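Remarks on the overall topology
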Amino acid sequence: PWSKMQQDKWNLATVKAMATNYEFLNPGYRVIAAINGDFFDINSTKPFPKTPSGAHVANGEFYKSISGNAVSFTNDGSTNTLIGDGAPTRTATMKLAVYDAEGNITNQFDINKINSAPGANEIAIYYANWAFEAGVAAQRLIPINVTDAIIVENGEYALPIATNDFYGLGTISKFGASELNAGDFAIVSNNPDVTALLQSGVKIRAQFEYTGKFAGAQNVVGVGQTILRDGALAGDDKNRHPRTMVGMKEDGTIIMTVVDGRQPNTNMYGATQTEMAAILAHYGCVDGYNLDGGGSSTMIILDDGEFRVMNSPSDGVERSDSNCILIVAKVPTIEFSADVTTESVTVNASVVDKKGVDFTDLYVKVGEEYKKVEDGKAVFTGLDPNTPVPYVFYGYKDGVYRELVLEGRTQTAKRLPELTLFELMVDDGDLYVYVAFEDPDLAVSRQFVKLGDISIAVSKGVAIFEDFEGNLMDTRISFSYDVVDGEGRIDQEYTPQRMRFGLTVFMNIALQETIDAIKSIYE
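Residues numbered from 1 in each chain as written. Predicted model: local features only at pLDDT ≥ 70, side-chain atom pairs only at ≥ 80, totals over all residues. Heavy atoms only, no water.

So, about the overall build of the protein chain. Regarding its fold elements, the protein chain presents four helices and 43 strands. Here the C-alpha atoms of the protein chain give a radius of gyration of 34 Å, more than 25% beyond the 24 Å that 2.2 N^0.38 yields for 523 residues. Structurally, the protein chain occupies a C-alpha span of about 115 × 60 × 55 Å along its principal axes. The 523 residues of the protein chain split such that 47% are buried. A separation threshold of at least 6 residues defines the contact pool for the protein chain, and within that pool the share at least 24 residues apart is 65%. Of the side-chain charges in the protein chain, 43 are positive and 70 negative, and the distance between the mean point of each set is 6 Å. (Helix = DSSP H or I, 4+ residues; strand = E, 2+ residues; numbered from the N terminus. Rg over C-alpha atoms; globule rule 2.2 N^0.38 Å. Buried < 20%, exposed > 50% of the residue type's maximum accessible area, 1.4 Å probe, protein only. Contact = heavy atoms within 4.5 Å. Lys, Arg positive; Asp, Glu negative; His and termini not counted. Charge placed at Lys NZ, Arg CZ, Asp CG, Glu CD.)

The structure is reproduced here in C-alpha cells:
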C-alpha cells in the first residue's frame, strides 16, 4: 500500500503519481504495476481530511490503524499471501519505538495516555488534533500546549487520524514547554527508563500496531466487502459500477482486477458483486475483496520504462485517490551507459550489487534480440539512423532470462549534414545568399552567413545583406549541428570552394578583380 502523504496531512494523487512518488522515496526499487486502493474521504469533510476509509500500513509503518474490513499482504513466499475477511484488532496502547544511530529499533514502550497527563511510571503522547465541523470541507488543527515535555519539532510525520489514532516519526529537538502545531508531537514521561533514553537527536516513532490474525502485519490496506470466501460468494451488492478487486488463489497467487463501467457507448457497464466474485473465481481465486470503484478504478503497468493506464477510467481521466496498491521489485544496481553510431548501439554495463537477485550472466535486450554483456559491453548492429532504441536488462541463469526491471533509452546517431547549395545574388543593392543542406535527420541547429565582420542568420534558406558593400570573396558559412552521438554540438565555419553566382554577382567580382589588378600595377 502506498500514499503520497505529506508530513502532517494526506494528499489525493493519481495512481501514476503515487507510483512515481514511491520510486523517488525508495531508490533501488521499481513499480511494476499498481491498482487504486481503499475508499476515501473524497470531499475532505472527515475530521482528518482525504484519509483512506480503512487501514494504511506500509512496510511496518502504521500511518492509519483504525479500520473496518482490511487485507494484509504477507509477502513471505508462502501460500498464505493475503489475510483478510474482517477488521484488524489493535494493541491496547500506542507503541513508542526508540532508534539507534544506524536506524535500528532498540527499545519499545507502551504509551499509556494520549493528550492527557501520565500517571506514575507512565508516559503520554501529545499532538495537535483536528477540530471537526460537520460539512466543512477544510478542517483545521487545534494546537496544544505542553510542559516538561520531550519534543519533536517539525518531525518527518505527525499524522493525527482521530482522538485515538496517531502516527509520529521524528528526531527529538527540544525539552520543556512548547505549543505543538502541525508536524509536532511530544512525549511526557514519568518513566525514568524512558526518560534516560530520550535524548536530543534520538529518533522516535509512535504508532498503534495489530494483534490477532493481523499480528506482525507489515502491509495492510482497507477494503470494502468480502466478495469471495473459501470459493463461495460472500457479497450482496447488486449495483453495477466500475470495480477494483483483489483476490488470492489456493496456491497463494494474488490476482488484481479492474472492470470498467459507466461507459455504455463503448459497452463498458461495470459489474455487480456477484459478477465480481464470478470473475475472480474464473481466474482461480478462493478469496476476494472489493476495493474502491467508480471513477477511482485504475490499473497501471510499467511499459517500456513508463507507466501506462491499462483501463478506461470512467471520469475520462485518472482520478486522484488517497492510496493505492503497488507491485514492487528490487532492482540490482547496474552502472550503464550507451555509445551510438548511425547504425549501432553499444551498451556498457557492470553489475555493482545484485541486491539478492539470483543470476549468473547479464544480458541486454533490444527488440527481440538478447546480447550477453561480455567485457562490459553488449553491441547491437544493423539499426536505422536517428531511431529510438530502448534496451532492457535481463539476468540469465539455467536457460531462463529474468527481467531485472531496469531499462535504458538511447537513439542511434543522426546522419551528418552535407552542404548542397551556396548561391549569391544581388538585387537592387542587396546581397542574397542562399544556403541548403542535405540534412535528412535535422541535425543542423543554427546557420549564419558571414561577410567580413557582418553575420546574418539564415532564415528559410536565405541570408540577406541590405545595401551591400564589400568583397564577395570574403563570404563564409557558419553552422552548428549535433548528430546525437555523445560528442555534443559541433560548430563549423568554412568558405565553400565552389559557389554559384548570379550574373550581377559575377560582374561585381570581375569588376573587383580588375580594380585590384590595376591597383597592383600602379603599386
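Where charged atoms of side chains with opposite charge meet at close range, the side chains can pair. Under the criterion given, the structure shown has 22 salt bridges. Measuring nitrogen to oxygen at the nearest pair gives 2.4 Å for the salt bridge that ties Lys95 to Asp110. Here Lys95 is found in strand E7 (residues 94-99), whereas its partner Asp110 is found in strand E8 (residues 105-111), with 15 residues between them in sequence. Judged by relative accessible area, which is 38%, Asp110 ranks as partly exposed. For Lys450, the salt bridge is made with Glu493, and the minimal N-O distance between the two is 2.9 Å. (Salt bridge = Lys/Arg side-chain N within 4 Å of Asp/Glu carboxyl O.)

To continue, consider the sheet that holds strand E34 (residues 388-397). One open sheet accounts for four strands, arranged E32-E31-E34-E35; its pairing is antiparallel. With partners counted over all chains shown, the strands left at the sheet margins are strand E32 (369-372) and strand E35 (400-411), one partner each. Ignoring which end each strand starts from, the neighbouring axes of this sheet average 30° apart. Bridge count between strand E31 (residues 361-366) and E32: four bridges; the pairing is antiparallel. Of the residues in E32, the one forming a bridge with Val364 is Lys371. (Pairing = 2+ DSSP bridges. Axes fitted to C-alpha atoms, helices over the stretch in contact; angles between N-to-C directions.)

The subject of this paragraph is the environment of Ile114. Along the chain, Ile114 turns up in strand E9 (residues 113-114). For the pair Ile114 and Met94, spaced 20 residues apart in sequence, the C-alpha separation works out to 8.7 Å. When neighbours within four sequence positions are excluded, Ile114 is seen to be in contact with Met94, Ile125, Tyr127, Thr163, Asn164 and Phe208.

Moving on: the sheet that holds strand E5 (residues 82-83). Sheet strands line up and pair through hydrogen bonds in the backbone, either parallel or antiparallel. Pairing is antiparallel in the open sheet, where five strands are placed in the order E3-E2-E20-E4-E5. One side of each edge strand has no neighbouring strand; the edge strands of this open sheet are strand E3 (61-64) and E5. Sheet topology places strand E2 (residues 56-58) next to strand E20 (residues 220-222); two bridges connect them, and they run antiparallel. Among the inter-strand pairings, His56 is bridged to a residue of E20, identified as Val221.

Another point: the nonpolar core. In summary, soluble globular proteins display a tendency toward joint burial of nonpolar side chains. Tyr63, Leu159, Leu326, Leu362, Val364 and Phe393 are the most contacted members of the largest nonpolar core, which has 50 residues in total. When residues of this core are assigned to their parent elements, the largest contribution, four residues, is made by helix H1 (residues 15-25). Once residues within four sequence positions are removed from consideration, Leu326 is found in contact with Trp2, Ala19, Tyr22, Val31, Ala33 and Ala34. Core analysis: the second largest hydrophobic core is formed by 21 residues, Leu96, Tyr127, Ile187 and Val194 among them. (Core = buried A, V, L, I, M, F, W, Y, C linked by side-chain atoms within 4.5 Å.)

Next up on the list: a negative patch on the surface. Together, Asp427, Asp428, Glu466, Asp467 and Glu469 line one region of the surface with negative charge. Tracing the chain through its elements places Asp428 in the loop between strand E36 (418-427) and strand E37 (430-438). Judged by its relative accessible area of 73%, Asp428 falls in the exposed class. (Patch = residues over 30% accessible without salt bridge, like charges linked within 9 Å, V, L, I, M, F, W, Y side chains within 5 Å. Areas by Shrake-Rupley, 256 points an atom, 1.4 Å probe, with all protein chains shown as cover.)

Mapped onto the elements of the fold, Val15 is located in helix H1. The exposure class assigned to Val15 is buried, which follows from its relative accessible area of 0%. Between the alpha carbons of Val15 and Asn267 there is a distance of 24 Å; along the sequence they are 252 residues apart. The residues contacting Val15, other than those within four sequence positions of it, are Ala34, Ile35, Asn36, Thr298, Ile300, Glu318, Asp321 and Cys324.

Next up on the list: the packing of aromatic side chains. Counting across every chain of the model gives 22 aromatic pairs. Considering the side-chain rings of Tyr127 and Phe166, the 4.0 Å spacing of their centres and the 10° angle between planes classify their relative orientation as stacked. Placement of Tyr127 in the loop between strand E10 (123-126) and strand E11 (129-131) and of Phe166 in strand E15 (residues 165-171) is noted, with a sequence separation of 39 residues between them. Taking the centre distance of 5.3 Å and the plane angle of 75° together, the rings of Tyr370 and Tyr394 count as edge-to-face. Of this pair, Tyr370 sits in strand E32 while Tyr394 sits in strand E34, and the two are 24 residues apart along the sequence. In this structure Tyr370 comes out as partly exposed when scored by relative accessible area, which is 28%. The exposure class assigned to Tyr394 is buried, which follows from its relative accessible area of 10%. Note that Arg90 overlies the ring of Phe208, its terminal NZ or CZ placed 3.7 Å from the centroid. (Phe/Tyr/Trp six-rings, centres within 6.5 Å; stacked < 30°, edge-to-face > 60°. Lys NZ or Arg CZ within 6 Å of the ring centre and 35° of its normal.)

Within the span of helix H3 (residues 273-282), buried status applies to Gln273, Met276, Ala277 and Leu280. Down the axis, H3 shows its buried residues gathered within 95° of arc, on one side only. Structurally, H3 contributes buried residues whose contacts are with strand E21 (226-229), strand E22 (232-233), strand E23 (243-249), strand E24 (254-259) and strand E25 (285-290). Phi turns positive one or two residues past the end of H3, at Gly284, with a value near 95°. (Arc of directions from axis to C-beta.)

Let us look at the side chain of Gln207. Tracing the backbone through its elements, the reader meets Gln207 in strand E18 (residues 203-207). Separated by 3.3 Å, the side chain of Gln207 and the backbone oxygen of Gly60 make a polar contact. A polar atom in the side chain of Gln207 sits 2.9 Å from the backbone nitrogen of Phe62. Once residues lying within four places of it in the same chain are set aside, the contact partners of Gln207 are Gly60, Glu61, Phe62, Met94, Lys95, Phe166 and Tyr167. (Polar contact = N/O pair within 3.5 Å; in protein donor to acceptor, adjacent residues only side chain to side chain.)

Our next topic: a nonpolar patch on the surface. On the surface, Ile518, Ile521 and Tyr522 cluster together into a nonpolar patch covering about 410 Å² of accessible area. Summarising the element assignment, Tyr522 is placed in helix H4 (residues 503-522). Relative accessible area serves as the criterion here: at 74%, Tyr522 is assigned to the exposed category.

None of the figures reported here should be taken as evidence of function without further support.
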